[in-house]
Every structure is written in structure tokens, then in C-alpha cells.
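The residues making up each chain are set out below.
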Amino acid sequence: MRRLYVLVLFVALGLFMAGQGHAETFAQRGWPTRYAEAEQGDAVAQCFIGRISRSRREYEQALYWLTKAAEQGHAQAQQEIGEMYESGHGVPQSYEQAFKWFLKAAESGDRGARIFQIGRAYENGSLFTPKDIIQAYMWYNLGATQKSYRGESTKYATRTRDELAKTLTPAQLEEGERLTREWIAARPGSQEAQQICE
């Protein structure tokens, strides 16, 4: 009888916790201000809630909040959504969708946003990306000169850029350098200006 009581209590407690609203859960965790800010449309807070939800494998909530932040152009939220598509966590796995979100993150100003993978997609070509070695060089060059918000090493991008450069003609190399300069000039201070959701 005692075992049954403990089991019923355990199940009831689990159902109670599962039934708690997400706002209450975040309030209990000590983040009521962040949750309120997210509900009011603050992209940094939305990304924060989305990242926390993703880390807790609450993928539906993660996608909800990350999408809200991403729609406002928040690069890290776009990056996180790309990672969800890449891994298939909470969404159907789709490398095409992952690539699109990584590209959005980079275009939104996060020069650390999976730039190596973007370069690799252009270098090799794929079902959703045409082969373009000059674009590949540009993305590797961007990756070689930037650190991401996660402190990722740039050594792979640097090594790959340098190897690819050996195969380019001088005109192709100059075109890749020009594209890199234009990309950076169009986004002055982009990485520094991007707010990180922590």
C-alpha cells in the first residue's frame, strides 16, 4: 500500500510539474523579468528563453521563442534554429533549412555563424547550393578573420581558405577578396553590435 501511495504521489507531482505554464516555470527558475521581456517582444530575451528551452530539450518552446527573435533579425536565434534543423531536434531534419538559417544568421551580422559550413556548401555544391568556389573562398575568408560568439577556432577556415586559394586563378582570388571586403563593409560592426542572448 505504501508503494502505491508513493507511486501515486510521484505521478501526481510529475503531472503537476508537466502542467505548469512555461511562464511559471521560468518564474520559478528566477527569470521572471526575462520572460516578461520576451513576452513584450524583446529579441534578446526571446533568444535567451529559446536557448534555455532548447538546452532542456523543450523543443516546441525553443522553436517558438527562437523564431520570434529570428523574425526580428536576431542572428544568434537564427543560428540556433539552423542547428535545430541540422540535428533534427524539434523539427524535421533538413540540411537545406539549416543552411538557409545559417546564411540568415551570417547575413544578420553574426560573422561566426557556421561560416565554415556555408563555405563548404559553396565549395562542394549541393542540392540547394550551386558550386561556387569564389563564394566558398569569401566565406572561408570571413571565417578565417572572425571569432564567433562561441569562441570557435578559425584554424579550419584559415587552412581551408589557404588550400582553396592555391587552386584559384589570380582573378578569382581578387574577386574573392573583393567580395569579402564588400560583405564586411556592408555590415560595419555587425558582430560587435549583435546582442548575444545570455
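Residues numbered from 1 in each chain as written. Predicted model: local features only at pLDDT ≥ 70, side-chain atom pairs only at ≥ 80, totals over all residues. Heavy atoms only, no water.

> Give a detailed account of the nonpolar core, specifying residues and quantitative values.
If you look at the biggest cluster of nonpolar residues, it comprises 32 residues, and the most contacted ones within it are Leu66, Ile118 and Trp139. Among the elements of the structure, helix H4 (43–55), helix H5 (59–71), helix H6 (75–87), helix H7 (95–107), helix H8 (115–124), helix H9 (133–145) and helix H11 (170–185) are those that each provide at least two residues to this core. The dominant element in this core, judged by the number of residues it contributes, is H9, at seven residues. Ignoring any residue separated from it by four or fewer positions in sequence, one finds Trp139 in contact with Leu103, Ala106, Glu107, Ile115, Ile118, Gly119, Tyr122 and Trp183. (Core = buried A, V, L, I, M, F, W, Y, C linked by side-chain atoms within 4.5 Å. Buried < 20%, exposed > 50% of the residue type's maximum accessible area, 1.4 Å probe, protein only. Helix = DSSP H or I, 4+ residues; strand = E, 2+ residues; numbered from the N terminus. Contact = heavy atoms within 4.5 Å.)

> Explain the packing of H8 against helix H10 (residues 155–165) to me, using residue names and the numbers behind them.
At a closest axis distance of 10 Å, the pairing of H8 and H10 adopts a crossing angle of 25°. One element, H8, and the other, H10, form an angle in the roughly parallel class. Here H8 and H10 pass one another in a crossing that is left-handed. From H8, Phe116, Arg120 and Glu123 reach across to H10, where they touch Tyr156, Ala157, Thr160 and Leu164. Its residues assigned to classes, the contact of H8 with H10 shows four nonpolar, one polar and two charged. (Axes fitted to C-alpha atoms, helices over the stretch in contact; angles between N-to-C directions. Parallel < 35°, antiparallel > 145°, perpendicular 65-115°, else oblique. Left-handed = near helix turned anticlockwise from the far one by under 90°. Nonpolar A, V, L, I, M, F, W, Y, C, P; charged D, E, K, R; others polar.)

Note that every value here comes from positions in space, so none of it alone points to a role or purpose.
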